[in-house]
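Each chain, letter by letter, is given below.
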Amino acid sequence: KPGFKVSGKRSFSIDYKNNCFLKDGKPFQYISGSIHYSRIPQYYWKDRLLKMYMTGLNAVQVYVPWNFHEAVQGVHNFTGDRDLEHFLDLANQTGLLVILRPGPYICAEWEMGGLPAWLLQKPNIILRSADTDYLQAVNNWLAVLLSKMKRWLYVNGGNIITVQVENEYGSYFSCDYNYMRHLQTLFRFFLGEDAVLFTTDGNTDREMTCGTLQGLYATVDFGTDTNITEAFNRQRRFEPRGPLVNSEFYTGWLDHWGDQHAVVDTQKVSRVLGEMLTMGANVNMYMFEGGTNFGYWNGKVTLVTSYDYDAPLTEAGDPTEKLLAIRDVISQFREVPSGPLPPATPKFAYGFVTMKKVGNISDLLSTLSPLGPVKSKYPLTFEEMKQYYGYMLYRTMLPRDLSEPTPLISPLNGVHDRAYVSINGVFQGLLERDTALVMKVTGQQGDTVDILVENMGRVNFGSKINDYKGLLSNLILGKDILTDWKIYPLDIDGAIASGWPHSNSQKSVRSPQRNPPPGPTFYMATLQTNSLTWDTFLKLNEWTKGQVWINGVNLGRYWPARGPQQTLYIPGPLLSATQPNNITVLELEGAPAHLRVLFMDRPHAEGKLQVLKWDLSKQRLSTQPAPPVYEDKPTQKSHPTSLKPFSD
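Residues numbered from 1 in each chain as written. Predicted model: local features only at pLDDT ≥ 70, side-chain atom pairs only at ≥ 80, totals over all residues. Heavy atoms only, no water.

- The name given to the protein in an unreviewed UniProt entry is Beta-galactosidase, and the organism recorded there is Amphiprion ocellaris.
- The heading Sequence similarities (unreviewed entry) in the UniProt record of the protein holds the text "Belongs to the glycosyl hydrolase 35 family." (UniProt positions renumbered as here; feature names shortened; annotations may be inferred.)

Quick look at the structure:
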């Protein structure tokens, strides 16, 4: 680990008399951007931080997702892409201060708001409250995390200037001041009395009332459509003296499956940023780079894999016109580093690859569920089975002959989140949380009923973050309650990380069929990169919905049928220049007859492709339309700017 050079007495504090921060005794204004190390491969951390520094930022804001580091209770992982201290060191080397947001809850459109799903093993636990079980787990986690963070505080020679306690707590129903006091005590114990602790809340009286606490500096967050004066006046009502702070100034917005791609106007972002900086406010731009929800890390069911956020740096870390406009604004308030911005990382279109069928999930259980099923009269949840992410298969038999189409019903909306139903290996259709609670089936008594249930991401905001997964209640078939289940936990990621299906492809690949069968089915192929390992984007044209792995790494979910996201970002470091790159696809509903996937050199989100060209002489981006690769869905309109549209 790096050694810190401390010259003289370092200090960072709040000057309540002059309404500003003091850094080493001098007035200080931060201009910061949010970046999530958990959404960016470690290989690219330095590149992204340098681009932020060269834009003129003097700080970055960082969330720490608890579940990213403690997926299994008591087992902590701070290596590789989870090496938080390496990220802090890179920021320090780059010249960036850090605003740390260690939770324990972070929202962030991240799975369960960063809380580990194993907390839900306590069925009556009240998350984000003074609940004894919850606090015990929080105590254990923060003892590990904050002990690591203390040496990184600015006053101790590091680069962390402020630390947020909890996250937008005023938006949560419980409004439990005892919980916030407990956290305050913990943070002070581990970080010391000199650490600057703060809270962040939405721009409403209710949120500021429930989210703030004496001894924690109160800040506010808002976007481009907010009256700045009113917002900072609200902060002043809760914090009469001290610096003005917008902890989340929204440069863009998130995308939901089935919505149009969200955009926030660059001119609005520039204008409001300039107005806030003119007032002397400290501003953090959320996001500066959004990154990607790899694997199963997206938050609530509707959130897409890309967390591009229409941010100044794209999902792939490339500069945009928005970044250049922001840099122009910042240059009016502080000296921006001279020299060119680092260019976009190189991209390559590797072209078409044709997939081959491996088999449907029901035929692969010996590989995907090596320990076999758990037997239970009634369904068990993911949490009860201690499988927290991905997929599980529930198997039973038809209790009687069904000569006529008979309704299969989830009467209590108990399918969390999507159930793919097959009888004797033949796909029948699906049940979906909130939207499809009934379907019809036929069959004979004793036929095998397989229900593959997909966890599409736990709620990350609001009162319903106790988001259990699987079959939460009984399924009714006609007048019968389905019972006597065999429940198969599926370690799909483990099998693929170990080399399956490519390692035994000779025996697993079937002869191609003219029309691939519907229902949950695995496909595989390899990609030769011809010595190039550049970033690329995977487009699954006419595929329906599923999951993709490259060389054992889970890229996330695809759902082009619902959109708006049409391509998955593949960072170049995941690829091999010399070995065949293993591609594995789990298609849940139905693959196209052509079985092709396409590796492109640009993302595709709205039915329109665009080439971004970096003009180094002018430090400007030029754009030009790109010819379509092949016919796609109609162009979609842009989504209007909006403020946090979370409703559960």
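Observations concerning the layout of surface pockets
Inference 1: As a volume, the second largest pocket reaches approximately 1,100 Å³.
Inference 2: R82, Y296, W297, Y389 and D493 are the residues nearest the centre of the second largest pocket, which is lined by 40 residues in total.
Inference 3: Going through the elements one at a time, α12 (492–497) and β29 (553–558) are the ones with two or more residues in the lining of the second largest pocket.
Inference 4: Sorting elements by how many residues they give to the lining of the second largest pocket places α12 first, with 4 residues.
Inference 5: Split into classes, the residues belonging to the lining of the second largest pocket amount to 25 nonpolar, 10 polar and 5 charged. (1 Å grid on protein atoms, 1.4 Å probe; cavity = no way out; pocket = protein on both sides within 12 Å on 5 of 7 lines; lining within 4 Å. Points joined across faces, edges and corners; volume = space filled by probe spheres on them. Helix = DSSP H or I, 4+ residues; strand = E, 2+ residues; numbered from the N terminus. Nonpolar A, V, L, I, M, F, W, Y, C, P; charged D, E, K, R; others polar.)

Considering the sheet that holds strand β23 (residues 476–477)
Inference 1: What the 4 strands build is an open sheet, ordered β20-β16-β23-β24; its pairing is antiparallel. Either end of the sheet is taken by a strand with one partner, and the two such strands are β20 (438–443) and β24 (480–481).
Inference 2: Sheet topology note: the strand β16 (residues 402–409)/β20 ladder contains 5 bridges and is antiparallel. Considered in β20, the bridge of P407 is made with K440. (Pairing = 2+ DSSP bridges.)

Here we look at helix α3 (residues 84–94)
Inference 1: Counting buried positions over the 11 residues of α3 gives 8, a clear majority of the element.
Inference 2: Regarding α3, the residues found buried are L84, E85, F87, L88, D89, L90, A91 and T94.
Inference 3: Phi for G95, located one or two positions after α3, is positive at around 95°. (Buried < 20%, exposed > 50% of the residue type's maximum accessible area, 1.4 Å probe, protein only.)

Section: the packing of aromatic side chains
The way to describe two aromatic rings as a pair is by their centre distance and the angle between their planes.
Inference 1: Taken as a whole, this structure holds 37 aromatic pairs when the rule is applied.
Inference 2: Within the aromatic cluster, the residues linked to one another by ring pairs are Y37, W45, F68, F87, W110, W297 and Y389.
Inference 3: Residue placement shows R10 over the ring face of Y154; its charged tip is 3.8 Å from the ring centre.
Inference 4: Just above the ring of Y307 sits the side chain of R39; from NZ or CZ to the centre is 3.7 Å. (Phe/Tyr/Trp six-rings, centres within 6.5 Å; stacked < 30°, edge-to-face > 60°. Lys NZ or Arg CZ within 6 Å of the ring centre and 35° of its normal.)

Topic: the confidence of the model for the protein
Inference 1: Per-residue pLDDT for the protein has a mean of 92; in total, 90% of the residues score no lower than 70.
Inference 2: This stretch, residues 607–648, has a pLDDT under 50; its non-local contacts, to residues over four places away or in other chains, come to 102 contacts. (pLDDT = per-residue confidence, 0-100. Contact = heavy atoms within 4.5 Å.)

Looking at the state of the cysteines
Inference 1: In total, this model carries 1 disulfide according to the counting rule given.
Inference 2: Across the disulfide, C175 is cross-linked to C210 (sulfur-sulfur distance 2.0 Å). The sign of the S-S torsion, about -95°, decides the handedness of the disulfide formed by C175 and C210: left-handed. With a gap of 35 residues between them, C175 in the loop between β7 (160–164) and α5 (177–191) and C210 in helix α6 (residues 205–211) connect regions that are remote in the sequence.
Inference 3: For C210, a relative accessible area of 7% puts it in the buried group.
Inference 4: Here C107 is not cross-linked by a disulfide; its sulfur's nearest cysteine counterpart is in C210, at 17 Å.
Inference 5: The exposure class of C107 is buried, given its relative accessible area of 1%. (Disulfide = S-S within 2.5 Å.)

Side note on the sheet that holds strand β32 (residues 596–600)
Inference 1: The strand order across the open sheet built from 4 strands is β12-β32-β27-β30, with neighbouring strands paired in antiparallel fashion. The outermost strands of the open sheet, each flanked by one partner alone, are β12 (351–354) and β30 (567–570). Strand-to-strand twist of the sheet, defined as the mean angle between neighbouring strand axes without regard to direction, takes the value 30°.
Inference 2: As paired strands, strand β27 (residues 536–539) and β32 are joined by 3 bridges and run antiparallel to one another. The partner of F537 across the bridge, within β32, is M600. (Axes fitted to C-alpha atoms, helices over the stretch in contact; angles between N-to-C directions.)

So, the nonpolar core
Inference 1: Ranked by internal contacts, the top residues of the largest apolar core, which has 136 residues, are L127, Y134, F187, I361, L490, I492 and F522.
Inference 2: With 9 residues, helix α4 (residues 132–149) is the largest single contributor of residues to this core.
Inference 3: Aside from chain neighbours lying at most four places away, what touches I361 is L368, L393, L452, L490, I492, P520, F522 and L586.
Inference 4: With 23 residues, the next largest nonpolar core counts F382, Y394, A419 and V441 among its residues. (Core = buried A, V, L, I, M, F, W, Y, C linked by side-chain atoms within 4.5 Å.)

Describing empty space enclosed by the protein
Inference 1: Under the definition given, this model contains 6 cavities of 30 Å³ or more.
Inference 2: Its volume calculated, the largest cavity comes out at about 80 Å³.
Inference 3: As for the largest cavity, its lining consists of 14 residues, of which L254, D255, V304, S306 and Y307 are closest to the centre.
Inference 4: Partitioning the lining of the largest cavity into residue classes produces 7 nonpolar, 3 polar and 4 charged.

A look at the environment of I161
Inference 1: Looking at the element boundaries, I161 is found in strand β7.
Inference 2: The class for I161 is buried, based on a relative accessible area of 3%.
Inference 3: The spacing of I161 and W141 is 20 residues in sequence and 21 Å in space, taken between C-alpha atoms.
Inference 4: Aside from chain neighbours lying at most four places away, what touches I161 is F12, F28, Y30, L97, V98, I99, Y154 and V196.

So, the pattern of salt bridges
Inference 1: Per the stated rule, a full pass over the model turns up 27 salt bridges.
Inference 2: A salt bridge links R562 to E432, with the nearest nitrogen and oxygen atoms 3.3 Å apart. Taken together, the residues R562 in the loop between β29 and β30 and E432 in strand β19 (residues 426–432) connect sequence positions 130 residues apart.
Inference 3: Here K545 makes a salt bridge to E454, at a shortest N to O gap of 2.9 Å. (Salt bridge = Lys/Arg side-chain N within 4 Å of Asp/Glu carboxyl O.)

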